[in-house]
Amino acid sequence: MAHETAGYRLSCELRAHEDDVRGICICGDSGFATSSRDKTVRFWAPNPDKKHQYVLSKTLAGHSSFVGPLAWIPPGDRFPEGGIVSGGMDTLILMWDLGKGEVVETMKGHQFQVTGLAVDDNGDVISSSIDCTIRRWRKGHAIEFWEAHKVAVQAVIKLPSGELVTGSSDSTLKLWRGRTCLHTFMGHTDTVRGLAVLPGLGILSASHDCSIKLWALTGQVLMEMTGHSSLVYSVDAHSSGLVASGSEDCFLKLWKDGVCIQSIEHPGCVWDAKFLENGDIITACSDGTVRIWTLDNDRICDPQELEAYGVELSLYKSSRKKVGGLKLTDLPGLEALQVPGTTDGQTKVIREGDNGVAYSWNSREHRLVKLLMDQEIAQLISF
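Named according to an unreviewed UniProt entry, the protein chain is Phospholipase A-2-activating protein isoform X2 originating from Phoenix dactylifera.

**Let's talk about the sheet that holds strand S23 (residues 243-247)**
Pairing within the open sheet is antiparallel, and its four strands lie in the order S22-S23-S24-S25. In this open sheet, the two strands that pair with only one neighbour each are strand S22 (232-237) and strand S25 (259-265). Within this sheet the neighbouring strands show an average axis-to-axis angle of 20°, counted without direction. Here S22 pairs with S23 via five bridges, running antiparallel. By the bridge assignment, aspartate 236 is partnered in S23 with alanine 244.

**Observations regarding the sheet that holds strand S21 (residues 221-226)**
Strand pairing in a sheet takes place through backbone hydrogen bonds and is either antiparallel or parallel in direction. With antiparallel pairing, four strands are arranged side by side in an open sheet as S18-S19-S20-S21. Two strands bound the open sheet, and with one partner strand each, they are strand S18 (192-198) and S21. Shown here is a sheet whose adjacent strand axes are inclined to one another by a mean of 20°, direction ignored. Where strand S20 (residues 211-215) and S21 come together, five bridges link them in antiparallel fashion. Looking across to S21, one finds that tryptophan 215 is bridged to valine 221.

**What about the pattern of salt bridges?**
Applying the stated criterion to the full structure yields 20 salt bridges. Ionic pairing is found between lysine 150 and glutamate 147, a salt bridge with its closest N-O pair at 3.0 Å. Looking at glutamate 147, the relative accessible area reads 46%, which means it is partly exposed. Aspartate 287 serves as the salt-bridge partner of arginine 291, at 2.7 Å between the closest nitrogen and oxygen. Among the residues examined, arginine 291 registers a relative accessible area of 0% and is labelled buried. Owing to a relative accessible area of 30%, aspartate 287 belongs among the partly exposed residues under this scheme. Linked through salt bridges whose partners overlap, the residues forming this network are Glu13, Arg15, Asp287, Arg291 and Glu312.

Definitions and cut-offs
Residues numbered from 1 in each chain as written. Predicted model: local features only at pLDDT ≥ 70, side-chain atom pairs only at ≥ 80, totals over all residues. Heavy atoms only, no water. Pairing = 2+ DSSP bridges. Helix = DSSP H or I, 4+ residues; strand = E, 2+ residues; numbered from the N terminus. Axes fitted to C-alpha atoms, helices over the stretch in contact; angles between N-to-C directions. Salt bridge = Lys/Arg side-chain N within 4 Å of Asp/Glu carboxyl O. Buried < 20%, exposed > 50% of the residue type's maximum accessible area, 1.4 Å probe, protein only.

Put into structure tokens, the structure is as follows:
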């Protein structure tokens, strides 16, 4: 019988993405999907030759900019092998037939980046966006939408009871029944970036204020978890009661009863973290690598791989001190993009994950234009 280690250790590394891995979606027993800044979704299936390991099964390319949120459609008559819904910076929501690897629906309507996705029991797709709205889609068409917050909506989840919860840059969560707001949760002091359900207890929220909170549906804060030193992007919970969080501080943190019981450093920002049913944890990192962590001695990678990871981590830590002569930790975060420039051509250098990215102010269009290399199309940020 397999026995547990004193803490989570590396099980495997999955390399296929060509840029930051941004999101993770557990796809039942079929495997899991990951999204990336490389504009793709990758589906990873269990490796038939190596138990508890995974292989790249499908690469889904259809977005024209980086892909963020993902949602799973369980196998059924329409999708015998299941379906995946993806949302992107390109404002599009794509529905994929996983078996065929093809887009079957393209949902257009959001004005800016899609930030969250959920699939209702009746098959409707629910989406959130930087454009402040929640939209409900049926058969590829928006059947309703409403302004959920006055500023960007960063996340949406569906509760087992059918209600929705949204998180926003206004630092609040809102509980929705249909288009009716039942309650506004106030307690964070910065953007609410990630949401999850802690079964039987309440709602978890991850915030740019560096904390994770557990809320009762009444809006009462039941627990606060502090320990991250930078923006917390994601949070997830396991049926065992364990909570996982990922942060710009490059750590995956594990929490039990509000106490941090383990911190696992990564060679990059941890954009997302999700539990598998067996308790293993998948992390999405800005270095383009997907990693699986385990408590089970039988699933730990071999000593050579562990040693190589240690070297990789050491090299990363020694290289991340400065970006173009600027100290990375001193650069402003994404919140600085909300502040208009003062003169035409004014340049701002913003910290995005582990990179310093330059933006130039276009006073005529009242926009910040991201300065990109390699003939990529400039991404326009509107106010």
